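Topology and contacts: notes
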Amino acid sequence: MSSSPTAFSQAQARRIALVAQGFRDPRHTTPTMRTFTRTLARTGVLQVDSVNVLQRAHYMPLFSRMGPYDIDMLKRASERKPRRMVEYWAHVQAFMPVDLWPVMQHRMTGFRESPRWGAWLQTNHEVVRRVHDQVRDLGASTARELDTGAPREKVDWGWNWSEARKALDYLFLVGDLAIAGRNGQFEPVYDLAERVLPADVLAAPVPDARESTKELVRRAARSHGVGTVRCLTDYYRLQLQRGEGAAAAQRAIDELVEEGELLPATIEGWKRPAWLHRDAAIPRKVQARALLSPFDPVVWERERTEHIFDFHYRIEIYVPEPKRQFGYYVLPFLLGDRIVGRVDLKADRKDRVLLVKATYAEPDAPPETAVELAEELRDLASWLDLDDIVVADKGDLAPALAAEMAAC
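Nothing here was measured: the structure is a model prediction, and the numbers come from that model. (Residues numbered from 1 in each chain as written. Predicted model: local features only at pLDDT ≥ 70, side-chain atom pairs only at ≥ 80, totals over all residues. Heavy atoms only, no water.)

Below, the discussion takes up the sheet that holds strand β4 (residues 93-97). Strand order in this open sheet of 3 strands is β2-β4-β3, and the pairing throughout is antiparallel. A strand with exactly one partner marks an edge of an open sheet, and here the two such strands are β2 (46-47) and β3 (85-89). (Pairing = 2+ DSSP bridges. Helix = DSSP H or I, 4+ residues; strand = E, 2+ residues; numbered from the N terminus.)

Here is the structure:
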């Protein structure tokens, strides 16, 4: 029988969440691969996104937790032996630790058995085979390289590149191909999975769907510290898998509760039941300072962000400019254990300037917000190899931030 739920205040819940995400780990003067590995273990996944107005999405959560680091570490971890992580549809497109590959096999099977893909395969089976054989023969290749070398003439089956591109997506989703790396244009480089993944990972036992779901819920709980079934379902996007979602996650939660790994909990102001991972720290204080990418795991699930941080957040990239409330690429500013502001940023690489296009304080932001934000922006500019910071006069925090910048 499970015990009575432990009640947590909103402040306790967010501190638990921040520690689980690595915001209490000490920053090293020079982050090492060991620091990198520890940080990846905390987040579990790093979302990949092509938007590069500031820095690509997968680099930013590492900076938020480790501080300025050599971004070549990510390339080494994902492209060179011993490969520590690989891209897959883990949250959305994301880097994940390589040991999750066997766990994701049931997701790959789901794509393989999907009625949507099945209908398409009926008329494109030969295209899939040809694309697979081309990668096998050419070696690691981008879609563009495959397109250039595609057999367009002197074949009786033809070559429809739009269908061949779908075949490449399909082969990636079902795990026959894997992403070996990305080139300077951020194009994925595909290769056979057996030439990308370490041999011990490929030889590892493959759990069934039920055990795979349970493992993903377990990892989500570790990365969240405390969360509801919606939180634990969303972290690895179980709701997108066939036959899964909240019901499958709840079954996994029930088993983990019975085994003592998850503990029933409640969170102040949140009517939904929650669960605490047994290894989660419950600190009295968290002294974090970080700019959070729009794709940071802390703010992925908007309902969770609102309940734990009292912070309403939406990405406005796809909102027409006149209708944007805060800006195009807005990063929440975390200070202590609260999100105290938001800042619209752009890296002007040509003029080597970090543009602060708008700056806003949250209600009850502490007096030191502008000072701390200025320090974090200086660290960010240095990491991005930008020489200057220009603060636009937009937003209620902009005057104080501009004055702080001018004073140094």
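Moving on from the coordinates now.
Attention now moves to the sheet that holds strand β8 (residues 262-267). The 4 strands lie next to each other as β1-β8-β9-β7, forming an open sheet whose pairing is mixed. The open sheet has two free edges, formed respectively by β1 (6-8) and β7 (226-228), since each of these has just one partner strand. The mean angle between the axes of side-by-side strands here comes to 40°, regardless of whether they run parallel or antiparallel. Relative to strand β9 (residues 270-277), β8 runs antiparallel, the two sharing 5 bridges. Within β9, the residue paired with P264 across the bridge is W275. Packing of helix α1 (residues 10-20) onto the sheet brings it into contact with β1, β7, β8 and β9, and relative to β1 it is tilted by some 95°. (Axes fitted to C-alpha atoms, helices over the stretch in contact; angles between N-to-C directions. Contact = heavy atoms within 4.5 Å.)

On inspection of all chains with the given rule, the structure shows 12 aromatic pairs. By way of ring pairs, the aromatic residues Y88, W101, F172 and Y190 are connected into one cluster. One Lys or Arg, R182, reaches over the ring of F186 and ends 4.3 Å from the middle of that ring. (Phe/Tyr/Trp six-rings, centres within 6.5 Å; stacked < 30°, edge-to-face > 60°. Lys NZ or Arg CZ within 6 Å of the ring centre and 35° of its normal.)

The subject of this paragraph is unusual backbone geometry. With the exception of glycine, most residues fall at negative phi, and the peptide bonds are largely trans. A cis amide bond, omega -5°, links K81 with the succeeding residue P82. The residue P82 is located in the loop between α4 (72-79) and β3 in this model. For R237, which is not a glycine, the phi torsion comes out positive at approximately 50°. Relative to the assigned elements, R237 resides in the loop between α12 (229-235) and α13 (246-258). We classify R237 as partly exposed; its relative accessible area is 21%. At R352, a position not held by glycine, the phi torsion is positive, near 60°. Among the secondary structure elements, R352 is positioned in the loop between β12 (338-348) and β13 (353-361). Of the residues examined, R352 reaches a relative accessible area of 31% and is grouped as partly exposed. (Buried < 20%, exposed > 50% of the residue type's maximum accessible area, 1.4 Å probe, protein only.)

The predicted model of the protein averages 93 in pLDDT, with 95% of residues at 70 or higher. Taken as a whole, residues 152-158 scores under 50 in pLDDT and shows 6 contacts with residues more than four places along the chain or in a different chain. (pLDDT = per-residue confidence, 0-100.)

All right, on to α1 then. Structurally, the α-helix is built with 3.6 residues per turn, so residues lying three or four positions apart point the same way. Summarising burial for α1: 9 of the 11 residues are buried, a large majority. Buried residues of α1: Q10, A13, R14, R15, I16, A17, L18, V19 and A20, and no others. Just past α1, the residue G22 takes up positive phi, approximately 95°.

The full count for this structure, using the stated rule, is 40 salt bridges. Between R219 and D99 there is a salt bridge, with its nearest N and O atoms 3.2 Å apart. One end of the pair, R219, is in helix α11 (residues 209-224); the other, D99, is in the loop between β4 and α5 (105-112), and 120 residues separate them in sequence. In this structure R219 comes out as buried when scored by relative accessible area, which is 16%. Of the residues examined, D99 reaches a relative accessible area of 42% and is grouped as partly exposed. In this structure, the salt-bridge partner of E126 is R129, at a minimum N-O distance of 2.6 Å. (Salt bridge = Lys/Arg side-chain N within 4 Å of Asp/Glu carboxyl O.)

Attention shifts here to the packing of α1 against helix α14 (residues 302-309). Look at α1 against α14: their axes get within 8 Å of each other, and the N-to-C directions meet at 125°. Taken as axis vectors, α1 and α14 run oblique relative to one another. Across the interface between the two elements, Q10, A13, R14, A17 and L18 from α1 touch R304, E306, H307, I308 and F309 from α14. Partitioned by chemical class, the residues of the contact of α1 with α14 number 5 nonpolar, 2 polar and 3 charged. (Parallel < 35°, antiparallel > 145°, perpendicular 65-115°, else oblique. Nonpolar A, V, L, I, M, F, W, Y, C, P; charged D, E, K, R; others polar.)

Turning to the nonpolar core, a few remarks are in order. Grouped together as the largest cluster of nonpolar side chains are 56 residues, with contacts concentrated most on M96 and W101. Membership of the second largest hydrophobic core comes to 48 residues, among which are M33, V53, M60 and L397. (Core = buried A, V, L, I, M, F, W, Y, C linked by side-chain atoms within 4.5 Å.)

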